[in-house]
Amino acid sequence: MPEIDLGTTPLRALNEALHKLRPDTNERHWIIGHPAGRHAIAAGLDVPITVEINGPVGYYCAGMNKLATVLIRGSAGTGVAENMVSGFVHVAGDASQSAGATGRGGLLRIDGNASSRCGISMKGIDIVVKGSVGHFSAFMAQAGNLVVFGDAGDALGDSIYEARLFVRGNIKSLGADCIEKPMRDEHKHALHEVLDRAGLNGQIDPSEFKRYGSARKLYNFHVDNAGAY
Amino acid sequence: MCGIVGLFLKDPALEPELGKLTEGMLATLSDRGPDSAGFAIYGEAKKNKTKLTLRAKTGAEMKATADRVAQALSDASIDLHDTHAVVSVEDRSVPRLLEWLAAEAPSIDVVGRGKRMTLFKEVGRPEKVAERFRLAGMRGTHAIGHTRMATESAVTTDGAHPYSTGKDQCLVHNGSLSNHNNIRRTLRREGFDFETENDTEVAAGYLSWKMREGLSLGDALKVSLDDLDGFYTFVVGTENGFGVLRDGIACKPAIMAETDRYVAFGSEYRALAGLPGIEDARVWEPEPSTVYFWER
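(A) Region of interest: the overall build of chain A. For chain A, the helix and strand inventory stands at 2 helices and 11 strands. Starting at the N terminus and ending at the C terminus, chain A contains elements arranged as β-α-β-β-β-β-β-β-β-β-β-α-β. Along the first, second and third principal axes, the C-alpha atoms of chain A reach 60 × 40 × 30 Å. The buried share of chain A, reckoned over its 229 residues, is 51%. Considering only intrachain contacts with a sequence separation of at least 6, the fraction spanning at least 24 residues in chain A is 23%.

Shown next as structure tokens:
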């Protein structure tokens, strides 16, 4: 089990070592110490390994992740798990802005709060936030699920496409073309399935959430909507 | 891009280390702003004394000017820091010193003035700038600093932050203002002079103007949300503390940490990572369009 101390090992050496791993590697569990907010730690992984990072990370941690499990025992800076393809990223603390941005798949779990623009332009990723999310979350969100146990800030789901938003707390305001939708059994099942994958099965009742999604009025240009674009 | 740091000490036992801690924070944020750097340090106030921070083009010019100031004003005590000098005089001698400078040393800039604030800024990598001014040896209650990546105006010492907004007040800024030319015209009509084409100098002038109209610094920051267009995070230093304001979109990064011993501000967590007890600090991001103040 490789243990890397970023206080002594250069970040670039760590990322190069991780990028060289083959899918059949025996080094399947890495432990990283003293991240001290450095940027792009464990970005671009594409093998099914587990990376545990003990402390707070900077920008773009676990960005472009594929197959790997990345556990962050601290808070994360801008763009954690941005553009994730598959795998699992778990932030034990808070996440800064644009968490899970443009993600295409996989699951991002944040135990604290996420800042503004959480899930911006998400394209299939599932994001579960146990705290609250900031303004402009799920902006232009196209596919996937954003689940928020707490509250959402201003302009949730502005210009949203087909992503599903489940929020348990209060919404400060909904963005353009984002509306509340009925929470039918199929949606409760879908939410249950996401919570199960996030390791949160049984911790919270899916029926406590409200569902939000696209009113589908801004998909095509219509002059009456000009003010909303 | 730019980087901002701020450190406000609650625990007097940390005061001798203020300069050293601030230097570490600035050096970490060299990556965000390698063009120039500056900082304001709030040290001890002396009864009936005012500190003026003077800046010359070169260290030799500053040294020569300092010698002449010492001859001209018998109550002046002078602390040289490379291209800068902190001149401490009796409050009543301040007008005389300013008159003397205007007549006898017109190439010298007064970059800061106050009971406690001293202000240093220069072109170059932040860690080098801090070293030239011997920041590590400075003590005080709080400091704010800036590392600049120039976008809106040239890389010059005049374009470096902080900008003084009044006695014991200064401003650093990360972002860019898009209506600074319009506001500069308004402020010129109101009698303000501008040394540069820099947008932050306009923001500093704007706050000075609003305070001249009678607003508190906190209220001046609040109304700036309506009048200043662009994206920004501001940190302002005051005699007793510092304030933070982010615009409504809040795309410019800001992170704060608080313990029993200090409140710290950084553009990124990395800048805070070396502070004592950071592992147990409360760490959070300031909300958009919200004015924060820490004072003692």
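(B) Layout of the overall build of chain B. Check the secondary structure of chain B and you find 7 helices and 16 strands. At 18 Å, chain B has a C-alpha radius of gyration in line with the 19 Å of a compact globule built from 296 residues. Taking the principal axes of the C-alpha coordinates as reference, chain B spans close to 50 × 45 × 35 Å. Residues classed as buried in chain B amount to 51% of the 296 residues present. Considering only contacts within chain B whose residues lie at least 6 apart along the sequence, 71% involve residues at least 24 apart.

(C) The arrangement of the pairing of strand β5 (residues 84-90) of chain B in detail. Residue and element names in this part refer to chain B. For β5, the buried fraction is high: 5 of the 7 residues fall into the buried class. Relative to β5, strand β3 (residues 49-55) runs antiparallel, the two sharing 7 bridges. Its bridge partner lying in β5, T53 is registered against V86. In this sheet, β5 lies alongside strand β4 (residues 77-81) in antiparallel orientation, the contact comprising 5 bridges. Bridged to I78 within β5 is V87. Between β4 and β5, which pair antiparallel and follow one another directly, the connecting turn spans 2 residues, one of which, D82, has a positive phi of 60°.

(D) Here's a closer look at the nonpolar core. Formed by 133 residues in total, the largest nonpolar core has its most connected members in A42, C61, I127 and V129 of chain A together with L7 of chain B. Residues contacting L7 of chain B, with those up to four places away along its chain left out, are L18, L21, T22, M25, H142, A143, Y262 and A264 of chain B. A56, M62, A76 and V89 of chain B belong to the second largest nonpolar core, which has 13 residues in total.

(E) Expanded view of the packing of helix α5 (residues 180-189) of chain B against helix α6 (residues 199-212) of chain B. All names here are of chain B. One way to put it is that α5 packs onto α6 with a least axis distance of 9 Å and a crossing angle of 45°. In terms of axis orientation, α5 runs oblique to α6. The chirality of how α5 crosses α6 is left-handed. On α6, the residues that touch H180, I183, R184 and L187 of α5 are D199, V202, G205, Y206 and W209.

(F) Spatial organisation of helix α1 (residues 18-28) of chain B. All names here are of chain B. With respect to burial, α1 is a largely interior element, 10 of its 11 residues being buried. Regarding α1, the residues found buried are L18, G19, L21, T22, E23, G24, M25, L26, A27 and T28. Those residues of α1 that are buried lie in contact with β1 (3-9), β2 (36-42), α4 (126-132), β8 (142-148) and β14 (262-266).

(G) Inspection of the sheet that holds β14 of chain B at higher detail. Residues and elements named next belong to chain B. Taken together, 7 strands build an open sheet; the order of strands is β7-β2-β8-β1-β14-β13-β15 and the sheet is antiparallel. Both outer strands of the open sheet, β7 (117-123) and β15 (282-284), are each paired with one neighbouring strand and no more. Across this sheet, the average inter-strand angle for adjacent strands is 10°, counted without regard to direction. Relative to β1, α1 is tilted by about 160°, and along the sheet it contacts β1, β2, β8 and β14.

(H) Highlighting the sheet that holds strand β11 (residues 230-238) of chain B. All names here are of chain B. On the basis of which strands lie adjacent, the open sheet formed by 5 strands has the order β9-β10-β11-β12-β16 and antiparallel pairing. Single-partner strands in this sheet number two, and they are β9 (163-166) and β16 (292-295). Between one strand and the next, the sheet's axes are offset by a mean angle of 20°, whatever the strand orientation. Sheet topology places β9 next to strand β10 (residues 169-177); 3 bridges connect them, and they run antiparallel. If you follow S164 over to β10, its bridge partner there is C170. In this fold α6 packs onto β9, β10 and β11, with an angle of close to 130° to the strand it touches most, β10.

(I) Up close: the confidence of the model for chain B. The pLDDT averaged across chain B works out to 94; a share of 100% of its residues lies at or above 70. Note on the complex model: pTM 0.92, ipTM 0.88.

(J) Highlighting the environment of A114 of chain A. Along the chain, A114 of chain A falls in the loop between β6 (107-110) and β7 (123-129). Those residues in contact with A114 of chain A that lie beyond four places of it in its chain are A95, A99, V129, V133 and G134 of chain A.

(K) Spotlight on the domain arrangement of chain B. Residues and elements named next belong to chain B. In terms of domain boundaries, chain B breaks down into domain 1 (3-45 + 120-295) and domain 2 (51-114). The straight-line distance from the C-alpha centre of domain 1 to that of domain 2 is 24 Å. Each side of the interface is counted separately: domain 1 has 12 residues, and domain 2 has 9 residues. Top element by residues in the side of domain 1 that touches domain 2 is β7. It accounts for 3 residues.

What counts and what doesn't
- Here the residue numbering is sequential within each chain, running from 1 through the sequence in written order.
- Both sets of labels track the order of writing: A upward for chains, 1 upward for ligands.
- It should be noted that, the model being predicted, local features are given only for residues of pLDDT at least 70 and side-chain atom pairs only at 80 or more, the latter also being counted only at that level, while totals for whole chains, interfaces and linings use all residues.
- Think of it this way: any DSSP run of H or I at least four residues long counts as a helix, any run of E at least two long counts as a strand, and we number them from the N terminus.
- The burial label depends on the number of other C-beta atoms within 10 Å of a residue's C-beta. Counts of 20 or more mean buried, 12 or fewer mean exposed, and intermediate counts mean partly exposed, with C-beta atoms placed from the backbone.
- Placing C-beta atoms from the backbone, we regard two residues as in contact once those atoms come within 7 Å.
- We take the radius of gyration over the C-alpha atoms and set the globule estimate at 2.2 Å times the residue count to the 0.38 power.
- One bridge is not enough; two strands pair if DSSP finds at least two bridges between them.
- Nonpolar cores are identified as sets of buried Ala, Val, Leu, Ile, Met, Phe, Trp, Tyr and Cys residues joined via C-beta atoms within 7 Å.
- Throughout, an axis means a line fitted to C-alpha atoms (over the contacting stretch in the case of helices), and angles, computed between N-to-C directions, take values from 0 to 180 degrees.
- Each angle receives one of four descriptions, namely roughly parallel if under 35 degrees, roughly antiparallel if over 145, roughly perpendicular if within 65 to 115, and oblique otherwise.
- Should the near helix be turned counterclockwise from the far one by less than a right angle, the crossing is left-handed, whereas a clockwise turn marks it as right-handed.
- In predicted models, pLDDT denotes the confidence assigned by the predictor to each residue on a 0 to 100 scale.
- Note: domain ranges come from an automatic or database domain assignment.

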